[in-house]
Amino acid sequence: MKNKFAFGIIVIILISILFSYYYYNNVKNHNTKMGIDITNTLTPQEQTFIKNNKKIKIGVSDQLSPLVFIDEEDEGKVKGLAVDFMDIIAEQLNQDVEYVFLNQDELKDSLINQQLDGAIMSYRREDKKVFSFTIPIIPVKGVTAKLIDSGQSKDDEELSASSDPVNLIDTRNVPSVEATIKDILADKNINEEKKVTAVLGNEPALRYFIEKNYALDQFVFSRDYKYDGNFCIALNSNNEILYKILNKSIYKLDKNFILSQLQGKWFTISYPLEKKGITESISILFTIIIASVLCVFYIFYGTNKALYEELGSRMEQVLDSKNELQTTFDGVSYYMIEIDLKGKIVNVNKAFREFLREKETLLIGKELTEILDMELENKELLTNIILQGIKKGEEQKKEIVSGKKILTCRVFPVKNAREKVVKILVTIQDVTREKTAERQMVQDNKMIAVGQLAAGVAHEIRNPLGLIRNYCYVLKNSKQEDSLKREKAICVIEKAVDKSGKIIDNLLNFSRKSNHEKELIKLKSHINSVISLQQNRAIKNSIEIKLECSTLLETFVLVESFDMVLINLTANALDAIESQISKEDIKGLLSISCIEDGNYINIVVEDNGEGIPKNIQEEIFNPFFTTKEKRDGNGLGLYIVYNEIQKMNGRIQVESTVGKGTRFTVVIPKVEVGQNE
């Protein structure tokens, strides 16, 4: 371990030394122009030339702007990056520099006539026949600047500026860049054949003069460079000695990266002006990279054992978790099947394998509906809820009746970390016993209700029977010629028979077993038929039953469920009112109202009975919970109400105040003709 630590320290020290060397040679040594000695590289002839000539006259044109410019705010001094560069050369040669501003044509003429010692100008191959050019001092890149057309967007203009505009003038061939820019802005006809709308030229000069004329927002520049070139010092071919002196000076300054430092001062060009010692930099950088790789390799080598141990531990945990999940998966009594998005089985639990009496290997890869023995309609139903689970990414549930079995099928989407469904878990539970017991419980409760209603129904039937008996006596004892009396007796008997028939029909309809299919009912007439079974009890206790419902309101419902809800709620309401009447002298009122609310119907059952204490309101829907005496209730009424409303995809709410009354609000979907499945 100590050897590894020592090796790491050595590598780090090596990297530090190499970095320090790189910093010293590439940063520190280039932070100053002091110490640059040019004269020791000059020949005696060149040194004599310098002694005899104390001033160098250099010509410049606006092609070089803003690398050379006249600062009007500073007493007209000549400034710029190129000026500083030439001043360093002049300082080392103990010379003064005089700058002469001329246009392109005048610049060339003055050089030919030897009125200038040199001129800073862009190197062009055609000029090489006339002038001698030093090694490059400043690189130059050309761009296109195009007037923005008011009919185009700026993005379109940028695209067109990046191509080669047809109406373009090359500023390298004009006497003055600034004059050309001004002429374009003034809409002057520079070219006799066509209107000029774009210029090609040195990027710094174009940007400088366009900004100077407050026209930056009128031009768009090309995204790419159109040419690469260099500014050099051009001299008359006869001035060979000065040519050599300047070349040596420029070379010496380039080695010390003077131009890069000057660029940082002026910020006039967006691209780098110098390429540093590439070979040397690459070698040092390569060495640092190799040393860094060795260091990283050492660190990796020192820690990989711990990583492998940690990885092994995590893998064991994953396998343990997988085994635990599979044990849980197999331990569940209902059927569980994992399927992929193509509908193929990828895993099944033990209960499902035992149900089919097949090995797992024979089930993997098959479609679920292919191996289930059920009717085609039910297979399509199961396939549909699986597809809905994949599409919606939500749990789906459906009850399927297959033969004599009732199956509850659930679909659970399995999602990855990105919340994308990757698999589907299907559970199938045989709930035949539970559903049969539940239906039997509902039927038993219904029979209990019928028994409780029997006394009232008997009284309701006794009244019309009494009328029939009385009018039968009238008929027997009436004379043959007394036709009016006979007709009245017959009419009363017919009405009494109809009333008795309706009471019996309502009782039979309530007590019959349902086929568990939705039926279309007119709410008002149906509710009337149900509450008529409670009418005798209400009259006996002076309780008014009030119904507010539109005669046009109709919907599809599970009739058996709907009737159980109404009979239980009204029976409980009458119990509560009777209890309150026994405590104080009040007029009992049971009101039922039907309110249409968009796609739902609200059925409100409200009484002015004794109310329900707030602390037990959350428990009233629990099975076997009751506040009545054992002989008066079994605690299943509101439990059945809650479950039957759930079957209808509805909900129930309760509001109650002790001594004031209770309001139950049943909300069920409104299903019209054509919407019922």
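Residues numbered from 1 in each chain as written. Predicted model: local features only at pLDDT ≥ 70, side-chain atom pairs only at ≥ 80, totals over all residues. Heavy atoms only, no water.

**Looking at the overall build of the chain**
Line of reasoning, step 1. Per the secondary structure count, the chain includes 20 helices and 23 strands.
Line of reasoning, step 2. Taking as baseline every contact in the chain between residues at least 6 positions apart, the subset at least 24 positions apart corresponds to 67%. (Helix = DSSP H or I, 4+ residues; strand = E, 2+ residues; numbered from the N terminus. Contact = heavy atoms within 4.5 Å.)

**Some thoughts on the packing of helix H2 (residues 44-52) against helix H8 (residues 240-255)**
Packed helices, taken two at a time, are described by the angle between their axes plus the distance between the axes.
Line of reasoning, step 1. The contact between H2 and H8 brings their axes to 10 Å, and the two run at 100°. Accordingly, the angle class assigned to the pair H2 and H8 is roughly perpendicular. Contacts between H2 and H8 involve Gln45, Glu46, Phe49 and Ile50 from the first element and Ile241, Leu242, Lys244, Ile245 and Lys248 from the second.
Line of reasoning, step 2. Residue classes in the contact of H2 with H8 are distributed as 5 nonpolar, 1 polar and 3 charged. (Axes fitted to C-alpha atoms, helices over the stretch in contact; angles between N-to-C directions. Parallel < 35°, antiparallel > 145°, perpendicular 65-115°, else oblique. Nonpolar A, V, L, I, M, F, W, Y, C, P; charged D, E, K, R; others polar.)

**Quick notes on the sheet that holds strand E21 (residues 600-607)**
Line of reasoning, step 1. Taken in spatial order, the 5 strands make up an open sheet running E18-E20-E21-E23-E22, and their pairing is mixed. In the strand order of this sheet, the two ends are held by strand E18 (543-548) and strand E22 (651-657), each with one partner. Sheet twist, expressed as the mean angle between neighbouring strand axes with direction ignored, is 10°.
Line of reasoning, step 2. Bridging between E22 and strand E23 (residues 661-669) involves 7 bridges; their strand directions are antiparallel. Each bridged residue has a counterpart across the sheet, and for Ile652 the counterpart in E23 is Val666. (Pairing = 2+ DSSP bridges.)

**Comments concerning the packing of helix H19 (residues 559-583) against helix H20 (residues 637-647)**
Line of reasoning, step 1. Running from N to C, H19 and H20 cross one another at 145°; their axes reach a closest spacing of 9 Å. Judged by the twist between their axes, the crossing of H19 over H20 is left-handed. In contact with Ser561, Met564, Val565, Asn568, Leu569 and Asn572 of H19, H20 contributes Gly637, Leu638, Ile640, Val641, Glu644, Ile645 and Lys647.
Line of reasoning, step 2. By residue class, the composition of the contact of H19 with H20 is 7 nonpolar, 4 polar and 2 charged. (Left-handed = near helix turned anticlockwise from the far one by under 90°.)

**Overview of the nonpolar core**
Across soluble globular proteins, you tend to see nonpolar side chains buried next to one another.
Line of reasoning, step 1. By size, the foremost hydrophobic cluster in this structure holds 40 residues, and its most contacted members are Phe562 and Leu569.
Line of reasoning, step 2. Counting residues per element, the ones that place at least two in this core are helix H17 (523-531), E18, H19, strand E20 (588-597), E21, H20 and E23.
Line of reasoning, step 3. Among the elements that make up this core, the one with the highest residue count is H19 (9 residues).
Line of reasoning, step 4. Not counting residues up to four positions away in its chain, the partners in contact with Phe562 are Ile521, Leu523, His526, Ile527, Val557, Ile603, Met648 and Ile668. (Core = buried A, V, L, I, M, F, W, Y, C linked by side-chain atoms within 4.5 Å. Buried < 20%, exposed > 50% of the residue type's maximum accessible area, 1.4 Å probe, protein only.)

**Quick notes on the packing of aromatic side chains**
Line of reasoning, step 1. Under the criterion given, the structure shown has 6 aromatic pairs.
Line of reasoning, step 2. For the ring pair Tyr335 and Phe355, a centre distance of 4.7 Å and an interplane angle of 25° mean the geometry is stacked. Here Tyr335 is found in strand E12 (residues 335-340), whereas its partner Phe355 is found in helix H11 (residues 350-356), with 20 residues between them in sequence.
Line of reasoning, step 3. When its relative accessible area of 37% is taken as the criterion, Phe355 is described as partly exposed. (Phe/Tyr/Trp six-rings, centres within 6.5 Å; stacked < 30°, edge-to-face > 60°.)

**Some remarks on the pattern of salt bridges**
Line of reasoning, step 1. What the rule picks out here adds up to 26 salt bridges.
Line of reasoning, step 2. Two residues, Lys79 and Asp74, come together in a salt bridge whose shortest N-O distance is 2.7 Å.
Line of reasoning, step 3. Overall, Asp74 belongs to the partly exposed group, its relative accessible area being 25%.
Line of reasoning, step 4. Across the salt bridge formed by Lys244 and Glu240, the nearest N and O atoms sit 3.6 Å from each other. Taken together, the residues span about one helical turn, with Lys244 and Glu240 both in helix H8 at a distance of 4 residues.
Line of reasoning, step 5. Residue class for Lys244 comes out partly exposed when judged on its relative accessible area of 39%.
Line of reasoning, step 6. Note on Glu240: relative accessible area 48%, which makes it partly exposed. (Salt bridge = Lys/Arg side-chain N within 4 Å of Asp/Glu carboxyl O.)

**Description of the sheet that holds strand E14 (residues 396-402)**
Line of reasoning, step 1. With antiparallel pairing, the 5 strands of this open sheet are ordered in space as E13-E12-E16-E15-E14. Looking at strand neighbours, the two that pair on one side only are strand E13 (345-348) and E14, the edges of this open sheet. Going across the sheet, the axis of each strand differs from the next one's by a mean of 25°, ignoring polarity.
Line of reasoning, step 2. Note: strand E15 (residues 405-415) against strand E16 (residues 421-430), 9 bridges, orientation antiparallel. Looking at E16, one finds that Val414 is bridged to Lys423.
Line of reasoning, step 3. In the packing of helix H14 (residues 376-392) onto the sheet, contacts are made with E12, E14, E15 and E16, and the angle to E14 comes to roughly 175°.

**A few points about a nonpolar patch on the surface**
Line of reasoning, step 1. Together, Leu285, Ile289 and Val293 give the surface a local cluster of nonpolar side chains, amounting to about 270 Å² of exposed area.
Line of reasoning, step 2. One can find Val293 in helix H10 (residues 278-331). (Patch = residues over 30% accessible without salt bridge, like charges linked within 9 Å, V, L, I, M, F, W, Y side chains within 5 Å. Areas by Shrake-Rupley, 256 points an atom, 1.4 Å probe, with all protein chains shown as cover.)

**Points about helix H7 (residues 203-212)**
Line of reasoning, step 1. Listed as buried for H7 are Glu203, Pro204, Ala205, Leu206, Phe209 and Ile210.
Line of reasoning, step 2. On its buried side, H7 packs onto strand E7 (138-147), helix H6 (177-185), strand E9 (198-202) and strand E10 (219-221).
Line of reasoning, step 3. With its phi angle positive at about 55°, Tyr214 sits one or two positions after the end of H7.

**Focus on the environment of Ile58**
Line of reasoning, step 1. Relative to the helices and strands, Ile58 resides in strand E1 (residues 55-60).
Line of reasoning, step 2. In this view, Ile58 contacts Met86, Val97, Glu98, Tyr99, Val100, Gly118, Ala119 and Ile120; residues no more than four positions away in its chain are not counted.

**A closer look at the environment of Glu178**
Line of reasoning, step 1. Turning to its location among the elements, Glu178 is positioned in helix H6.
Line of reasoning, step 2. Those residues in contact with Glu178, other than ones at most four positions away along the chain, are Asp62, Phe209, Lys212 and Asn213.
Line of reasoning, step 3. A polar contact of 3.3 Å, which involves the side chain of Glu178, links it to the side chain of Lys212. (Polar contact = N/O pair within 3.5 Å; in protein donor to acceptor, adjacent residues only side chain to side chain.)

Just geometry here; none of it tells us what the structure is for.
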